[in-house]
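Coordinate inspection notes
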Amino acid sequence: MAQTFRSTQDYRALDVAHHVHPFTDQKALAGKGVRVITRAEGAYVWDSDGNKILDGMAGLWCVNVGYGRKELVDAATQQLQTLPYYNSFFQTSTPSQIELGKVLAEVTPPSLKHFFYTNSGSEANDTVIRLARHYWRVKGKPTKRTFIARNLGYHGSTLAAVSLGGMSHMHALDGQLLPEFAHIAHPHYYTQGAGLTLEEYGLKMARLLEEKILELGADNVAAFIGEPVQGAGGVYEPPPGYWAEIQRICRKYDVLVVADEVICGFGRTGQWFGSQTYGIDPDLMPMAKGLSSGYLPIAGVAIHDRIWKEINEGGALAHGYTYSGHPASCAVAIANIQLMRSEGLVERVREEIAPYFRKSLQELAASHPIVGEIRGVGLIAAIQLVKHKPTREIFTTQDDAANFCRDVAANNGLIMRAVYQSMVLSPPLIITKAQVDELTEKARKALDETAKKFGLG
Ligand code: PMP
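These numbers come from a predicted model, not from an experiment.

1. Some points on the site of the ligand
As a matter of local geometry, the ligand sits amid 16 residues, with Ser 120, Gly 121, Ser 122, Gly 156 and Val 262 nearest to it. Broken down by element, the shell around the ligand gets its largest block of residues, 3 residues, from helix α6 (residues 121–138). Looking at the shell around the ligand residue by residue, the classes come out as 6 nonpolar, 8 polar and 2 charged.

2. Comments concerning the sheet that holds strand β1 (residues 37–41)
Reading across the sheet, the 4 strands line up as β1-β2-β3-β14 and stay open at both edges, with mixed pairing between neighbours. Pairing within the sheet leaves two strands with one partner each, and these edge strands are β1 and β14 (414–415). Examined bridge by bridge, strand β2 (residues 44–47) and strand β3 (residues 52–55) share 3 bridges and lie antiparallel to one another. Bridging across to β3, Val 45 finds its partner in Ile 53.

3. As for unusual backbone geometry
Residues other than glycine predominantly adopt negative phi, and peptide bonds predominantly adopt the trans conformation. At Ala 58, a residue that is not glycine, the phi angle is positive and equals roughly 45°. Among the structural elements, Ala 58 can be located in helix α3 (residues 58–61). Residue Ala 58 is classed as buried on the basis of its 29 C-beta neighbours within 10 Å. Its identity is not glycine, yet Asp 254 carries a phi of approximately 60°, on the positive side.

4. As for the packing of helix α16 (residues 401–411) against helix α17 (residues 433–453)
Packing of α16 against α17 brings their axes to within 9 Å, and their N-to-C directions diverge by 135°. As far as their axial angle goes, α17 and α16 are oblique. The way α16 lies across α17 gives a crossing that is right-handed. Between α16 and α17, the residues in contact are Ala 401, Phe 404, Cys 405, Val 408 and Ala 409 and Lys 442, Ala 443, Ala 446, Leu 447, Glu 449, Thr 450 and Lys 453, respectively.

5. Looking at the confidence of the model for the protein chain
Interpretation of this model should avoid reading the predicted coordinates in detail wherever pLDDT is low. In this model, the protein chain carries a mean pLDDT of 97, and residues with pLDDT of at least 70 account for 99%. Between the elements of the protein chain, mean pLDDT differs from a low of 92, seen in helix α8 (residues 168–171), to a high of 99, seen in strand β7 (residues 221–226). Interface predicted TM-score (ipTM) for the complex: 0.99; the corresponding pTM is 0.98.

6. A closer look at the nonpolar core
One finds Ala 132, Phe 224, Leu 284, Leu 385 and Met 423 to be the most contacted residues of the largest nonpolar core, which totals 125 residues. Summarising the domain contributions, this core has at least three residues from each of domain 1 (42–65 + 344–453) and domain 2 (70–342). Those residues in contact with Phe 224 that lie beyond four places of it in its chain are Ile 148, Leu 209, Ile 246, Cys 250, Val 255, Val 257 and Val 258.

Criteria and thresholds
- Residues numbered from 1 in each chain as written.
- Predicted model: local features only at pLDDT ≥ 70, side-chain atom pairs only at ≥ 80, totals over all residues.
- Near = placed C-beta within 6 Å.
- Helix = DSSP H or I, 4+ residues; strand = E, 2+ residues; numbered from the N terminus.
- Nonpolar A, V, L, I, M, F, W, Y, C, P; charged D, E, K, R; others polar.
- Pairing = 2+ DSSP bridges.
- Buried ≥ 20, exposed ≤ 12 C-beta atoms within 10 Å, placed from the backbone.
- Axes fitted to C-alpha atoms, helices over the stretch in contact; angles between N-to-C directions.
- Parallel < 35°, antiparallel > 145°, perpendicular 65-115°, else oblique.
- Left-handed = near helix turned anticlockwise from the far one by under 90°.
- Contact = placed C-beta atoms within 7 Å.
- pLDDT = per-residue confidence, 0-100.
- Core = buried A, V, L, I, M, F, W, Y, C linked by C-beta atoms within 7 Å.
- Domains from an automatic or database assignment.

See the structure below:
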């Protein structure tokens, strides 16, 4: 169907009439009016009123190569014309599914070279849970079933993925979640590290895992899962030594290490995977988002050789999705990875644009009365909003400074995300230095207005 262009008012009315939005108070949104995004190019999106907005979130942490990349569109078109769909259940495969495995194995850490494809990060994490439990059953340790994750960890929205995640507001929707999931506190030095060096604090927080394993009994624990940098919970990078200690504890108690790379993967931290940035050697590695830069849905799980060896001996794997390895999504993912390689995007993030981005944000933080700290690594960042800088007092949920700041920024041409009382940024990897300047300037204006609103300007 050709795209029709209605007035913003008509779009809004139809949206209210039919569209149920994820993670949204529908009634409040209906009163306010949805913003309709109609097109995009490079690092910018346009709304139905013609406003040009710098996308500081790369969609939802996913449009790594930026919008309007013809190579990806051509790959999808060509695949859809040749073979729009075929499954991989009937002892069959398709060329793009096969080629994607080869290309992925060239960019993932060397021992991760078998891939199970899914459509979303949530499905990838459901797959992780099933694979890990299957692995332990095959190994003759069927009681090892419980997953340990972290508070404010985000692993998706299916019933299993939400149980795995550590988001209390999401848990509240269900009342009771699935059994055999446990959580430990996540590290945040700025609010909790007083009196300790960063390293001491990192060890202290990692050792919570050991306590939890001992409490549950190592014979019952299948795996620990963590995002290399916690993303949707508010961007918390691990203190130095944290992941090394997590890994040491996991190996000591025979617990699998799962690195959820759904956000960190495909260049965001300045390496292909966050695991490489933090020296993690994952047994299972879910990935999504940047795999296709969001042009078509595709996700997957990379499986380490030592896990694959057992699973391969375990008989039929009774698991899969109709669209596991959708041919068009695989074709787009291949084109996306090839583009990232030919343009040296990962190196560009590491050596050029991320250092500039971080320096700009640090300068903003140093001079701004309501910015407490800048978190993150590479091209993922959080600006922590504080009421009182010297005592590190954070705005409360009732203040809702972050949502105010987000709306001001969007009206002024910059998309930032409000997560608790932080402003989160995750721009496309192709962002230029001039666009970083634009981003920082617009963020500063939004922060100034927020400070003024709360009498702190
Ligand atoms: N894991 C992580 C780390 C994520 O950030 C997300 C999505 N933000 C998911 C899993 C779930 O992915 P999806 O929304 O594609 O199901």
